[in-house]
Amino acid sequence: MFQGRDIACERGERRIFTGLNFVITPGQALVLRGPNGCGKTSLLRISATLLTAADGALTWNGSDIAENPEGHRANLHYIGHQDAVKGALTVRENIAMWAKIRATATDHTEAAMAAFDITHLADTPAQYLSAGQHRRTALARLVASPAKLWLLDEPTVSLDQAGTECLQQAIATHQAKNGMVMAATHIELGLDDAEILQLKPQ
Amino acid sequence: MFQGRDIACERGERRIFTGLNFVITPGQALVLRGPNGCGKTSLLRISATLLTAADGALTWNGSDIAENPEGHRANLHYIGHQDAVKGALTVRENIAMWAKIRATATDHTEAAMAAFDITHLADTPAQYLSAGQHRRTALARLVASPAKLWLLDEPTVSLDQAGTECLQQAIATHQAKNGMVMAATHIELGLDDAEILQLKPQ
Amino acid sequence: MSIHYFANPTRFTRLAGRVQPWAAGLTVVLLLIGLYLALIEAPADYQQGDTVRIMFVHVPAAWMAMFCYSFLAVASAIALIWRHPLADLAAKASAPIGASFTFLALVTGSIWGKPMWGTWWVWDARLTSVLILFFLYLGYMALWEAIEDGQKAGKAAAVLALVGAVNVPIIKFSVDWWNTLHQPASVMRMDGPAIHPSMLWPLLIMALAFQTYFVTLLLARMRMELNLRRIRALRLAERTS
Amino acid sequence: MKIFLAIISRDMLLAVRQGGATFLALIFFLLTVTLFPLGIGPEPAILARVAPGVLWVAALLAAMLSLDRLFQADFEDGSLEQLTLSGLPLSLIVLAKIITHWLTTGLPLLLAAPVLAVLLNMNDEGFEALLLTMLIGTPALSLIGAIGAALTLTVRRGGVLLSLLVLPLYIPVLIFGVSAIDAAVHGLNAKPHLLLLAALTVAAIPLCPWAAAAAVKLSLE
Amino acid sequence: MKIFLAIISRDMLLAVRQGGATFLALIFFLLTVTLFPLGIGPEPAILARVAPGVLWVAALLAAMLSLDRLFQADFEDGSLEQLTLSGLPLSLIVLAKIITHWLTTGLPLLLAAPVLAVLLNMNDEGFEALLLTMLIGTPALSLIGAIGAALTLTVRRGGVLLSLLVLPLYIPVLIFGVSAIDAAVHGLNAKPHLLLLAALTVAAIPLCPWAAAAAVKLSLE
Ligand code: HEM
Ligand SMILES: Nc1ncnc2c1ncn2[C@@H]1O[C@H](COP(=O)(O)OP(=O)(O)OP(=O)(O)O)[C@@H](O)[C@H]1O
Ligand SMILES: Nc1ncnc2c1ncn2[C@@H]1O[C@H](COP(=O)(O)OP(=O)(O)OP(=O)(O)O)[C@@H](O)[C@H]1O
Ligand SMILES: [Mg+2]
Ligand SMILES: [Mg+2]
C-alpha cells in the first residue's frame, strides 16, 4: 500500500498544493487530473523521490519512505515527459539496458517489445523512430522489469489508438498482479475502476 | 491554395509513403491521421520545406514552392514536437521575440497571450512552466504574428481541456480569416468541417 | 514560502539595523586613525622608502581576502548541513566583498611589485594562488547568477565553496612550501610577530578597520537581499492569486 | 534587414541572460593563459619568449569552446528550425549568429589580450601587433568555427569532434597571427603577415556562412 | 554491485557508439600539443623546457572538455532521473560514471603522452615520471571534474562556466604533476611530489562522488 499524507509542494518558492492525501492499495489505479500547472507532474516526482515534498509524509506499507529512499526507488517505475531513450542504441538495446540496470532476475525484453508492438523495430536505432514509436520504447520499460508501483506522467502522449490499447492492456495485467498505478492525464485513459484525484490550482 | 501532388517521402533509405495528394483551399483545415510511424510528421516537415520530398511537387497558388522557398516559409507557421521556447526568457519575451523575427507589422503579443490564457504568466521565465504552460507559449506564436498556413504537429499534446478549447478557438478565427491549417493528431481536434487525410503505413 | 523562513530573518533585520550604524561609525574612526598613523606617523622604511606605506593597505586586504573566503566556506557549510536560511544569505553576500578585497590585494601588490621586483607581476606561488582565489570567487558568483532558482543556486554554490576551501591553506602556506620572491609571514605566525611596533600598530588598526568595513557591508547586503526576496515572494503570490 | 537585426538582438539578449556568456569566454581565456606559467615555471625570459604563442593558442581554444553555443541550443529546442522558417535566406541567418558569436567572444578576447600580455612579460613593441592580429584574426575564428559547429549539430555532445574539425582549419590563423607579433617583437616588419591574415578573413566572409548554412540545412532533415 | 557494473557497461557502450568518444578526447590532446610548436617555434631546447607544462596543460584541457559528456546528455533526455531510480545510492551511480569517464579519457591520454613527449624532445629521465604522474593524476581530474559537471547541469550551455569552476580546482594536480616531472628531468627526487599527487587523488575518491551526487540531486529537483 502506497500512501501520502498531508503532502505539500513548493516550486520556485511558490506553494503549488498543500494538504494532499491519497492511498493506493495493491491492484488499484489512481488517476491525477487537473488543469495545466496544477501540480500533477510535481506530485508524481515527489512520489518517485525525485522532488522533496515541502511538507507531509509518504509511506509504503506503513513505513516512511524517507527512511529508505533507495529501497522505495527500486520498487517503482517512473515514466516522465522525457523518454530516456538513447538514439545511438537500438530499440532492443535500449529496453534491455534498463532491465539490466534495474537488476531484473529474468529478462522480459522480448515480452516488453511484443506488449507494445515494436518487435519489428527491435534493431532500429532509436534516433530513427517517430514520436509514437519513441514513446512506446519508453513505455516498454514498464514490462521489461517488474516493479510494484508505476508512476506515469501523461503516458499516452504521441500514442495512436493501437498504442493506447497496448498501454491499457499492460496496465490491466499489472493491476491483475496486484500492481499499483498512479497516472496523470488530460484525456480518458480508459482504466476500469480507477480512482480519480482532482488537483485544484491554488 | 496550397497543394501537394504525388508527394513521396523517404527517410533513412526507406520509403515512408508515395503518391500522396492533397489540396488545402483558403479557410479550410486538413487533418492528418494514421498510426504511429506512418509519416505525418514527415509530411508536415516537407510542407514546411524542412525536409525534401523524394518525389512530387508542392505548389502555392499554382506556383512551385521550390522556386522561392524563402517566400513560402514567410507564409507559414510550423509547430513541431519541440516548443522552441527559451527557458531564460519570460513568456512575453519568448512570444515577442518570435513575432519580431517574423517581421510582423503590428505586435500581437498581448493578444496571443490572451488567446491562450497565459497572460498571468507573462513575466515568468519559461523554465518554470509546466508542460502544458510551455506548450501554450509555443502555440501563442501562431497568433502573435499572422501567417496564411499553419502546420501543426500534435498541437494538443500536454494541453488540458481549457487549453484545447483555446486552440480550437484560435484555429476557427484563423479559418474565418481565410487561413489554412494542416494538423497531425491522434485525438479528436474538434474542428468543424475539416477534411481528413488518412495515411497508411507502407 | 513557509512561516519559519521569515520568523528568523525578521528578527535578524531588526538586529542588523541596530548594529549596522555602529559598525559603519567604527569603520570611519578606525580608518581615520589608521591612515593617519600609516601615512604620517609611521617611519619610511630604510630600504623601501615611502613605498612601504602600500603595505598598510596591501596586507590587510590580503588578510581579508583569505578571511572572507573562510567565512564564505563556513557559512556554506552551515547552510548545507543545518539549512539555516541566514547562512545561505551571508555566504552569498560575502562573496562580492571578498572578491573586491582580493582584487585590491592583487592591485596594490602589483603596484608595490613594480618598484620592488621590477615587474608588475611574477608567477610565484603566492601571487598565483591569490589569483586563483580571485577566480574561485568569480566562479562562486557566476554559479549563483547562472541558476535561476534561488534555493537551488544557494545549495549548488555552497557545494562549490566547500570544495574550493582547499585553496585557502595553500595560499597561507605557499610561501613556506615553495621558495618565492614574496615575503613570508611576519605578523601572523606561531612564534609572535617580527615587525617593528611603529609599523605593527597602524597595520593592526587598518586590519581592524577593514574588518568592521566588512561587517558593515555584509549586513547591508544581507538586508538588501532579504528585501529583494520578500518582494519576489510577494510578486509570486500576487501572480498566482 | 529588420529580421537580420532582430536575430542578432535576440541572440545578444540570450547571451546576456544565460549566465553572462561574454564574461565567461573571457574567463576561460584568462584561466588558460594562467595555467601556462604554472606549468612552465615563472622565468620571465622564457615566458616572454612563448607569450605570443600562448596567447593565440588560448584565444583559439576559447573561441572554439564557445562554438557549441552557436547553434546547438537552438537546434535542440527547435528554435533553429523556427529561425529557418523566418523567411530570411539561411546563410544570412547563419551570418547573424556568427556576428553575435564574435561580439560575445572575439571582442572580449581582443580587449583582454593586452592585460595578459603584461602578465606574460611581453615587450612593448609586440603590443600593437598583438591587438591588430586579434582584431583581424578573431572574426576568422568565428567564421570558420561556424562550419564546424554546423557540421557537428546532429552528433550528440559533438564537442570533441568539433575541435577535431575546427582546430586544423584554425592553424593558418595561428601561424600568421604569431608570426606577425614575433616580427614586431624583434623589430621587423609585421605588415606582410598582417596582410595574409586579413586576406584569410576576407575570404572567409562569403564562404563560411554559405558552407555552414548548407550543413545546418542537412542537420534539420 | 551488479547494477554498478551494468551502469559502467552501459556508459562504455554509449561512449563507443556515439562517435568513438575515446578516440576523440585523444585527438584533442594530440592537436593541442601540436599547436604549441606552431605557436612557439621549433627550437628543441625551448620545447624540451616547456614540454612537461604543455603536456599537462593539454591533458587538463582535454579532460575538462570531455566533462560535459559526464552527465549532460543523460540529464537532458531523462536518463539521469531513471538512473537515480535504479535503487543504487546516487554517489555510487556518480562513481560509476566517473570511472567510465576515466576509462574513456584519462587512460587514452596516459597512453598517448609518451609519444608526444618524444615529439617535444623531452629527455628520457622524464618519461617514467610523466607516466607515473599521469597514472596518478588523471583519476583526480575525472573525480574533481565530476563536481563541476554536476553543478552546471541546469545551466544551459554551461561549458564555459564549467571551466571557470573546474580549472582552479585542477591547479594543484597541474603543479604537483609538473614539478614531479621537472624534478626527474633534472635528476632530482620526484617522490615527494608524486606522494602529494597521490594524496590528492586518494582524498578525492570519497569526497568528490559525494559532492557531485549532492549537486546532481539538486538539479533533478
Ligand atoms: C600582486 C601581488 C601580490 C599578492 C597577490 C600578494 C599577496 C599577499 C598575501 C595573500 C598576503 C598575506 C600573507 C599571510 O598573511 O600569510 C600578503 C602579505 C604581505 N605582502 Fe604581499 N602580495 C603581493 C605583492 C607584494 C609585494 C610586491 C610586496 C613587497 C615587496 C608584498 C609584501 C607583503 C608583506 C610585507 C606582507 C605581510 C606579510 C606578513 O607580515 O604576514 N606583497 N601578500
Ligand atoms: N531521422 C530519421 N531517419 C530515418 N527514419 C526516420 C527518421 N525519422 C523518422 N523516421 C521513420 O520515418 C517513419 C515516419 O516517421 P514520422 O515521424 O513521420 O511518423 P508520424 O506519422 O509522425 O508518427 P507518430 O504518430 O509516431 O508521430 C517512421 O517509421 C520512422 O521510423
Ligand atoms: N522547476 C520549476 N521551478 C519553479 N516552478 C516550477 C518548476 N516546474 C514547474 N513549476 C511550476 O509549478 C506548477 C506545477 O507544475 P507541474 O509541472 O507539476 O504541473 P502539471 O500539473 O504537471 O501541469 P501540466 O498539465 O501542464 O503538465 C506550475 O505552475 C509551474 O509553473
Ligand atoms: Mg505535467
Ligand atoms: Mg509525429
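Look a little higher up for the structure.
## A closer look at the sheet that holds strand S5 (residues 63-64) of chain B
Residues and elements named next belong to chain B.
Piece 1. An order of S2-S1-S4-S5 is seen for the 4 strands of this open sheet, with the pairing classed as antiparallel. Each edge of the open sheet carries a strand with a single partner, namely strand S2 (14-24) and S5.
Piece 2. In terms of strand pairing, strand S4 (residues 55-60) meets S5 through 2 bridges, oriented antiparallel. Bridge assignment links Trp60 to a residue of S5, and that residue is Ser63.

## Quick notes on the interface of chain E and chain D
Piece 1. Across the boundary between the two partners, chain E contributes 40 residues, which contact 41 residues of chain D.
Piece 2. The interface formed by chain E and chain D holds 1 salt bridge in total.
Piece 3. Of the charged contacts, one joins Arg49(D) and Glu43(E) as a salt bridge, the two residues approaching to 2.9 Å between their closest N and O atoms.
Piece 4. Run the count over chain E and chain D and you get 3 residue pairs in polar contact (both at pLDDT 80 or more).

## Description of the sheet that holds strand S9 (residues 195-198) of chain B
Residue and element names in this part refer to chain B.
Piece 1. Read across the sheet, 5 strands follow the order S6-S7-S8-S3-S9 without closing on themselves; strand pairing throughout is parallel. Lying at the two open borders of the sheet, with one neighbouring strand each, are strand S6 (76-79) and S9. Pairwise comparison of adjacent strand axes, ignoring direction, gives a mean angle of 15° for this sheet.
Piece 2. Bridge count between strand S3 (residues 29-33) and S9: 4 bridges; the pairing is parallel. Paired with Arg33 across the bridge in S9 is Gln198.

## Let's talk about the pattern of salt bridges
Residue and element names in this part refer to chain B.
Piece 1. Applying the stated criterion across every chain yields a total of 32 salt bridges over all chains.
Piece 2. Ionic pairing is found between Arg33 and Glu188, a salt bridge with its closest N-O pair at 3.6 Å. Within this pair, whereas Arg33 is found in strand S3, its partner Glu188 is found in the loop between strand S8 (180-184) and S9, the two being separated by 155 residues in sequence.
Piece 3. Arg33 sits in the buried class, given a relative accessible area of 17%.
Piece 4. Under the relative-accessibility criterion, Glu188 is labelled exposed at 61%.

## Structural notes on the packing of aromatic side chains
Piece 1. In the structure shown here, the tally under the stated rule is 12 aromatic pairs over all chains.
Piece 2. For the ring pair Phe36(D) and Phe36(E), a centre distance of 4.9 Å and an interplane angle of 50° mean the geometry is tilted. Remark: Phe36(E) occurs in helix H2 (residues 21-40) and Phe36(D) occurs in helix H2 (residues 21-40); the pair is interchain, linking two chains.
Piece 3. Classification of Phe36(D) as buried rests on a relative accessible area of 3%.
Piece 4. Taken together through their ring pairs, the aromatic side chains of Phe2(A), Phe22(A) and Trp60(A) make up a single cluster.
Piece 5. The positively charged end of Lys92(C) is found above the aromatic ring belonging to Trp144(C), 4.6 Å away from the centroid.

Conventions and cut-offs
- Residues numbered from 1 in each chain as written.
- Chains lettered and ligands numbered in written order.
- Predicted model: local features only at pLDDT ≥ 70, side-chain atom pairs only at ≥ 80, totals over all residues.
- Heavy atoms only, no water.
- Pairing = 2+ DSSP bridges.
- Helix = DSSP H or I, 4+ residues; strand = E, 2+ residues; numbered from the N terminus.
- Contact = heavy atoms within 4.5 Å.
- Salt bridge = Lys/Arg side-chain N within 4 Å of Asp/Glu carboxyl O.
- Polar contact = N/O pair within 3.5 Å; in protein donor to acceptor, adjacent residues only side chain to side chain.
- Axes fitted to C-alpha atoms, helices over the stretch in contact; angles between N-to-C directions.
- Buried < 20%, exposed > 50% of the residue type's maximum accessible area, 1.4 Å probe, protein only.
- Phe/Tyr/Trp six-rings, centres within 6.5 Å; stacked < 30°, edge-to-face > 60°.
- Lys NZ or Arg CZ within 6 Å of the ring centre and 35° of its normal.

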